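# Geometric and topological summary
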Amino acid sequence: MEEIAKYIAVYIAGATGIYKGIPVGIALGLKPLMIASVVAFGAISSALLVYFSGEPFRKWLLNKYGTETFEHKKARFSKWMEKYGVPGLGLMVTGLLGPFIALIIGMALLDNTRKFLFYLLAGIVLWSFGLTYLTEPVVQLVKGLL
């Protein structure tokens, strides 16, 4: 039962963000493969929850801040989008700013969010596994030094 509680804690932390779930899993002493899998599952499930409830959220954003604000931001954002495109937003911004910020940016500024969702989910999985496997040896090194 205690082991299940560890996985639930990592899942909940992963659902709130990749950068929160990985340290929780390491602190609880789970194996890197399990940490990355549970964090990715938590982040994916929360991203899908926000995405599928997203049309009302998108309308609320547009009503609150106005379409002019987003059109101005979209014009500045278009240079970056021309260079990297939807895959760049889904894969890179997910790791740099987190899945929720990437999802909000994508939902507010992109018209075709289905393709974006695919790259966002792929980015969550890649960043979860990548960060977990990069962080684990560092933590073990620090534990060995102390």
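Everything here concerns the structure above.
Source: prediction; values computed, not measured. (Residues numbered from 1 in each chain as written. Predicted model: local features only at pLDDT ≥ 70, side-chain atom pairs only at ≥ 80, totals over all residues. Heavy atoms only, no water.)

Close contact between helix H3 (residues 32-52) and helix H6 (residues 113-145) brings their axes to 9 Å; oriented N to C, the two are set at 155°. Taken together, the axes of H3 and H6 are roughly antiparallel relative to one another. In this structure, H3 meets H6 at a crossing whose hand is right-handed. Note on element contacts: H6 touches H3 through Thr113, Arg114, Leu117, Leu120, Leu121, Ile124, Val125, Ser128, Phe129, Thr132, Tyr133 and Glu136, opposite Pro32, Leu33, Ile35, Ala36, Ser37, Val39, Ala40, Ala43, Ile44, Ala47, Leu48 and Tyr51. (Axes fitted to C-alpha atoms, helices over the stretch in contact; angles between N-to-C directions. Helix = DSSP H or I, 4+ residues; strand = E, 2+ residues; numbered from the N terminus. Parallel < 35°, antiparallel > 145°, perpendicular 65-115°, else oblique. Left-handed = near helix turned anticlockwise from the far one by under 90°. Contact = heavy atoms within 4.5 Å.)

Bringing the nonpolar core into the picture now. One recurring pattern in soluble globular proteins is that nonpolar side chains are buried together. Within the largest apolar cluster, 25 residues are counted, with the highest numbers of intra-cluster contacts made by Ile18, Leu103, Phe116, Leu120 and Ile124. Listed by contribution, the elements that provide at least two residues to this core are helix H2 (18-27), H3, helix H4 (54-97), helix H5 (99-109) and H6. Leu103 has contacts with Ala47, Val50, Tyr51, Phe116 and Leu120, leaving out every residue within four places of it along the chain. (Core = buried A, V, L, I, M, F, W, Y, C linked by side-chain atoms within 4.5 Å. Buried < 20%, exposed > 50% of the residue type's maximum accessible area, 1.4 Å probe, protein only.)

Moving on, we get to a nonpolar patch on the surface. Residues Tyr84, Met92, Leu96, Leu97 and Ile101 make up a contiguous nonpolar surface patch of roughly 470 Å² in combined accessible area. Examining the composition of the nonpolar patch, we find that four residues originate from one element, H4, more than from any other. With respect to the helices and strands, the residue Met92 is situated in helix H4. Judged by relative accessible area, which is 32%, Met92 ranks as partly exposed. (Patch = residues over 30% accessible without salt bridge, like charges linked within 9 Å, V, L, I, M, F, W, Y side chains within 5 Å. Areas by Shrake-Rupley, 256 points an atom, 1.4 Å probe, with all protein chains shown as cover. Salt bridge = Lys/Arg side-chain N within 4 Å of Asp/Glu carboxyl O.)

Now for the environment of Ser128. Within the secondary structure, Ser128 is located in helix H6. A relative accessible area of 0% places Ser128 in the buried class. Ser128 sits 109 residues away from Tyr19 along the chain, and the two C-alpha atoms are 8.6 Å apart. Ser128 has contacts with Ile18, Ile22, Ala36, Val39 and Ala40, leaving out every residue within four places of it along the chain. At 2.7 Å, the side chain of Ser128 and the backbone oxygen of Ile124 are in polar contact. (Polar contact = N/O pair within 3.5 Å; in protein donor to acceptor, adjacent residues only side chain to side chain.)

Let's shift gears to the packing of aromatic side chains. In total, this model carries three aromatic pairs according to the counting rule given. Taking 5.5 Å as the distance between ring centres and 40° as the angle between the ring planes, the aromatic pair formed by Tyr11 and Phe41 counts as tilted. A residue pair is termed long-range when its members are at least 10 positions apart, and Tyr11 in helix H1 (residues 2-16) and Phe41 in helix H3 qualify at 30 residues. With a centroid separation of 5.2 Å and 75° between ring planes, the pair formed by Phe118 and Tyr119 is classed as edge-to-face. Taking the relative accessible area as the measure of exposure, Phe118 reaches 55% and is therefore exposed. The class for Tyr119 is partly exposed, based on a relative accessible area of 22%. (Phe/Tyr/Trp six-rings, centres within 6.5 Å; stacked < 30°, edge-to-face > 60°.)

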